[in-house]
Amino acid sequence: MEDPFDSERASLPRNMIENSMFEEEPDVVDLAKDSTAFPGFPALDPDEVVYEPRSSRLLVRGLGENDLDDEEEDYESSARLLGMSFMNRSSARSPSSSPYTRQAPPRSCSCPSTRKLVVGVFILVLVSSMAMALYFLPGCTFTKAGCHKDNSSTPIEPVYPNSTTGEPFPWNEPRLPASVRPVNYNLSLTPNLTSKTFTGRTVINMMIQHDTKRVVLHSSDLNITKATFQVGKDKSVEVKVLEYKPWQLIAVSFPEDLKAGQVCVLTLEYKANLSNTYDGFYNSSYNDVTGAKRVLAATQFEPQAARKAFPCFDEPAFKATFLVRITREPEYITLSNMPKAKTTTLPSGLLEDEFEQTSVNMSTYLVAFIVANFTSVSRNVSNTLVSVYSVAEKKEHTHYALDAASKLLQFYNTIFDVDYPLRKLDLVAIPDFLAGAMENWGLITFRETTLLVGNQSSPLDKQLVANVVAHELAHQWFGNLVTMRWWNDLWLSEGFATYWQYTSLTTVFPQLYPGDEFLEVRFKAMAKDSLNSTHSVSVSSQMTSPEDVLEMFDSVTYEKGASLLLMLNSTLPDGQFRKGLIEYLNKYRGSNSVTDDLWNSLTQAQVLPQQESVSDMMRTWTLQKGFPLVTVSCKDGQVNLTQEPFLLSRENTTHTSSLWHIPVSYVNDSCSQAPSCRQLFVLRNKTATLKVSDSVKWLKLNYMNTGFYIVHYGVEGWAALINTLKTDISSFTAHDRASLIHNMFALSRLGRVSFPQVLSLLGYLTKETETAPLKEALSQLSSVYRLLDKRPDPYLVSRMKGYILNLFGPLINSLDWGEEQSVSRQELRSALFEMACGLGQENCTDQAKVLYDQRTNSTQPKIIPGDLERVVFSVAAQSDSGWLSLLEAYGHTTYDSEKRKILQALASTQDTRRIVWILNAGLQGSIIQTQELPLLIGTVSDGFAGHLFVWNFVKENWDSIIEKFPLGSYPIQSIIKSTTSQFSTQMHLEEVQGFFSGLKERGHPMRSVQEALETIRLNQDWMDRNLPALRQSL
Ligand SMILES: [Zn+2]
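Rules and cut-offs
- Residues numbered from 1 in each chain as written.
- Predicted model: local features only at pLDDT ≥ 70, side-chain atom pairs only at ≥ 80, totals over all residues.
- Heavy atoms only, no water.
- Helix = DSSP H or I, 4+ residues; strand = E, 2+ residues; numbered from the N terminus.
- Buried < 20%, exposed > 50% of the residue type's maximum accessible area, 1.4 Å probe, protein only.
- Areas by Shrake-Rupley, 256 points an atom, 1.4 Å probe, with all protein chains shown as cover.
- Disulfide = S-S within 2.5 Å.
- Expected span 1.5 Å × (residues − 1).
- Axes fitted to C-alpha atoms, helices over the stretch in contact; angles between N-to-C directions.
- Parallel < 35°, antiparallel > 145°, perpendicular 65-115°, else oblique.
- Contact = heavy atoms within 4.5 Å.
- Nonpolar A, V, L, I, M, F, W, Y, C, P; charged D, E, K, R; others polar.
- Pairing = 2+ DSSP bridges.
- Salt bridge = Lys/Arg side-chain N within 4 Å of Asp/Glu carboxyl O.
- Core = buried A, V, L, I, M, F, W, Y, C linked by side-chain atoms within 4.5 Å.
- Polar contact = N/O pair within 3.5 Å; in protein donor to acceptor, adjacent residues only side chain to side chain.

Chemist: Can you explain the overall build of the chain? Please cite residues and give values.
Modeler: For the chain, the helix and strand inventory stands at 30 helices and 29 strands. Here the chain, with 1034 residues, has 61% of them falling under the buried criterion. A total accessible area of about 39,600 Å² is found for the chain, and carbon and sulfur atoms account for 52% of it.

Structure, rendered in structure tokens:
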């Protein structure tokens, strides 16, 4: 799935059980691999085993989990990373599985003295625990009569929850049992777009894996009217379905065991309402070119909403084949994952479309179908028919996407060495769609903005479309062909899709400068990952709640995931990364994988310098949250390196002992630009030294910022680098210059450098002309400005404004407002103009007004260059007449990306009555679609007039908001972040804390709330630390 707010420099997220990642290696996983019958399923044991990849917790009926407490786990995790294989808890926990226990891979450094210490401590703890136990034991313990035995000494009978009918529900875990495996689904759906309801019939062919008395699967908001069950060739009999709503589970119980190896058929008939949110099988409407209202029905299942459209085993590991039939009225068309096989006219006059059975095994979240009134353009690419669908009047806007998709499909077919396996690939623009896009196999769905490109679209609009298409197409391999076993490893899908989106564009559309965007994305991921509330890329498989699953769709999963892949690729010798991936794709195609499977495939392909294995290195990056700060000093050829976690939080934190195996790259003053200058050293320990030539004057670490770490050069090191920048800017690549700016600001936030040092570095910018470093500086200064702007110090605000305009003024004045072909220049000038006009620089606002007047001139309207539309509209929206004319234009424009720019302009008004109006309109969803509410809230939050009001709006309307956007979802993460991230006072901290803690059941404990609180505290700290310096130096 593509997040819809890609353009924001947001960072989001909460508090999980990251540390349980370091539990013993997965017994079940190994067994699953050995199972020849059904790869991906445990071949052992019973019905009572929950399918739990990655974890050794075999949840056996009657035995509670043997949880470690946090501290123990944390200690163990750190120890493991240090290479100690002490205290094998797994064997104590599940002795019967010990023959299968995988040994922890050998680590590069072992610390026997530490081990002795640990054993000593362990014995001490054991002895004192026994003493404590004796002290607390009841007096009867050692008497001859002994204590009265109560039930607690025998294994506890499982406690089953009550189903809706009051009878016990026969399963007591939120995850499905592994005893039954679906093989094929036969789905028949009859939607009624007028009554907004549908009926369905689902026939599930399944295989019994282990003897069991129950079949448990998912269903949500479906009213099941009839259920029959057939075993083998026996007669099918009617069965009773029990439902447990909190876990969205249904079950059928049997008096006798169903036997392993039996084939059974469960048939369920049901009716339901089409969903009025953005997931499940939902209905939506739009106005066509004549203004007439049109309706459509479409699906969005990822992550857990297939169960809202048909009863199913709705976990990614339960792959099966699907045959879909949909009944429609003649005026509509239907689409699904596969090509249409036939159409039958029913006695009612309705038509039934039947699609071919999927030729691949797929996870339920990738199933999709659409009933709508769309038209298409098509092209054959190799053996695949590629089509782009849209509403009829936008057919002309589909050609760019068709071209992009065709080129990218060819690129991926070649680079992955595995052909796209389906005969058709549809890309569909849906007028009302919440995510950016969704990678359903063979039927990718998009927002109109992310797929359609008009004649007047700017190259920046095209860049967005190419990006999203590249992302979703990469998913057809990473995510669809090879799927993560559970949502804890979502990064295997999203991290890869994000990585390939930039990598494929670099080859296929280099003119779109995807490299600059990828660099920004890495900075963005670091902003989020430097908070204590972040999570590891691969989290514990114990997470099960829908909110936790939704919160996985965040910047760490997508962008840090992609950044780690880039770091690995730039560390491995040429070609080895691809070789390992091809091996991984071939080994796991059609099935599921966990993170270690990936590292193992890559380790077989290559071992790194200093005998470092890919697996050893990468586990330190995916299993720990956060990232390192590398401090470097260099004297007389001796280079000292130190690593520590880069952690902004002032709170007592749990992962300060973390160590990473860091592929440190470096260049020096004699050779610093070309890729061949780059040298590599793997820093595994807290400190290390290396030798360089005595004549080296300075080192720049993290060449091109391909590594996921920040570097501190110390006072002298920074001075040497700043001096070089000022004397010869071309000593560094543009990305290295952006990286220096980024690192300097990050260190300032950490309190390691003073603000005057930051300003000293920025002094070189008067000579800078490249987009990446300029945009980075602009973005950092803007965020400082936005914070200051919200505080009662107008004098300082105006000084800061003066400083920024001064710094960029000459550059701004050199840019013109005409057509511009280079994407990179467009990005730069739109960012600079938005900043200048936003700060009220008259040259800028005057020019913007001229362009707006020319556009609205009734006799000879002139088109505004696409990259300048947003800034021009935003300036226009500040006047009464401009705002009203934009509102009118919003109603008429059919072109979605222009609509969004107008909307942002409308929301940038400083008139509070209009702010009230527009937020309410976004919430109601009639004039402005509700899918745009997070965008509106984000824009209003940035402005001075709206930032307090919008926070009140969110508080007052919380219940309506979470009705539209589920707790934990990306829109909710974005809303929480944008409304709170500019607070920097104790009062606001308490206010935000008070609101979220008062929500109780209406607010699942979300990582984004923790992150918001942390951010406010950090803003507070930064202000306390830097205000005096700012007052002095500006
Ligand atoms: Zn995605």
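Chemist: Would you mind going over the state of the cysteines in detail, with residue names and values included?
Modeler: Enumeration according to the criterion identifies two disulfides in this entry. Note on cysteine connectivity: Cys671 is disulfide-linked to Cys677, with sulfurs 1.9 Å apart. Of note, the bridge from Cys671 to Cys677 carries an S-S torsion of about -75° and is left-handed in sense. A relative accessible area of 32% places Cys671 in the partly exposed class.

Chemist: How would you explain helix 7 (residues 491-508) if you had to name every residue and give the values?
Modeler: In this model helix 7 runs 24 Å from its N-terminal to its C-terminal C-alpha over 18 residues, within 8% of the 26 Å that 1.5 Å per residue would give. Of all 18 residues that make up helix 7, 15 are buried, and the element is covered over most of its length.

Chemist: Just give me the short version of the packing of helix 15 (residues 734-750) against helix 30 (residues 1007-1033), but keep the residues and values in it.
Modeler: At a closest axis distance of 9 Å, the pairing of helix 15 and helix 30 adopts a crossing angle of 90°. Classed by the angle they form, the pair helix 15 and helix 30 counts as roughly perpendicular. Where helix 15 approaches helix 30, its residues Ser748, Arg749 and Leu750 are matched on the opposing element by Thr1015, Leu1018, Asn1019, Trp1022 and Arg1025. Across the contact of helix 15 with helix 30, the residue classes break down as three nonpolar, three polar and two charged.

Chemist: Quick one: what's the story with the sheet that holds strand 16 (residues 374-381), residue by residue and with numbers?
Modeler: Hydrogen bonds between backbone groups are what pair the strands of a sheet, and the pairing can be parallel or antiparallel. Strand order in the open sheet formed by five strands is 16-17-18-20-19, and the pairing between neighbours is mixed. The strands lining the two open edges of the sheet, one partner per strand, are strand 16 and strand 19 (437-438). In terms of strand pairing, strand 18 (residues 424-430) meets strand 20 (residues 443-447) through five bridges, oriented parallel. Paired with Ala429 across the strands is Phe446, a residue of strand 20.

Chemist: Can you tell me about the pairing of strand 11 (residues 321-328), naming the residues and giving the values?
Modeler: For a regular strand, side-chain orientation follows a simple rule: the groups alternate between the two sheet faces. The element strand 11 is largely enclosed, with a buried count of seven among its eight residues. With six bridges connecting them, strand 1 (residues 180-192) and strand 11 associate as parallel partners. In the strand pairing of strand 11, Leu189 is matched with Ile326. Where strand 11 and strand 14 (residues 351-355) come together, four bridges link them in antiparallel fashion. Looking across to strand 14, one finds that Ile326 is bridged to Asp353.

Chemist: Go over the pattern of salt bridges with me, naming the residues and quoting the values.
Modeler: With the rule as written, the count across this model stands at 44 salt bridges. In this structure, Lys901 and Glu869 form a salt bridge, with 3.0 Å as the shortest nitrogen-oxygen distance. With Lys901 in helix 23 (residues 896-907) and Glu869 in helix 21 (residues 869-876), this pair connects stretches of sequence that are 32 residues apart. One exposure class covers both Lys901 and Glu869, and it is buried. Here Asp911 and Arg913 are joined by a salt bridge, their closest N and O atoms 3.0 Å apart. By relative accessible area, Asp911 is classed as buried at 17%. Arg913 gets classed as exposed once you look at its relative accessible area, which sits at 62%. Each of the salt bridges in this network shares a partner with another, and the network as a whole consists of Lys528, Asp554, Arg1007 and Glu1011.

Chemist: Requested: an account of the side chain of Gln904, with residues and values cited.
Modeler: On the secondary structure map, Gln904 appears in helix 23. When residues no more than four places from it in sequence are discounted, the contact partners of Gln904 are Arg870, Leu935 and Thr939.

Chemist: Residue-level account of the nonpolar core, with values.
Modeler: If you look at the biggest cluster of nonpolar residues, it comprises 298 residues, and the most contacted ones within it are Phe310, Phe808 and Trp958. A total of 10 residues in this core trace back to one element, the largest contributor, which is helix 18 (residues 794-814). Those residues in contact with Trp958 that lie beyond four places of it in its chain are Leu967, Ile972, Ile976, Phe995, Phe996, Leu999, Arg1002 and Met1006.

Chemist: Can you break down the environment of Ser284 residue by residue, with the values?
Modeler: Tracing the backbone through its elements, the reader meets Ser284 in strand 9 (residues 280-287). Relative accessible area serves as the criterion here: at 4%, Ser284 is assigned to the buried category. Not counting the four nearest positions on each side in its chain, Ser284 is found in contact with Arg294, Val295, Leu296 and Asp432.

Chemist: Requested: an account of the sheet that holds strand 24 (residues 638-645), with residues and values cited.
Modeler: Pairing within the open sheet is mixed, and its four strands lie in the order 27-24-23-29. A single partner strand is all that each edge strand has here, and the edge strands are strand 27 (687-691) and strand 29 (710-712). Averaged over all pairs of adjacent strands, the angle between strand axes in this sheet comes to 25°, irrespective of strand direction.

Chemist: An account of the side chain of Gln982 is needed here, citing residue identities and associated values.
Modeler: Here Gln982 is to be found in the loop between helix 28 (970-980) and helix 29 (986-997). With a relative accessible area of 9%, Gln982 lands in the buried category. Engagement of the side chain of Gln982 in a polar contact is seen with the side chain of Lys790, the distance being 2.4 Å. When neighbours within four sequence positions are excluded, Gln982 is seen to be in contact with Arg786, Leu787, Lys790, Ser941, Asp942 and Asn1019.

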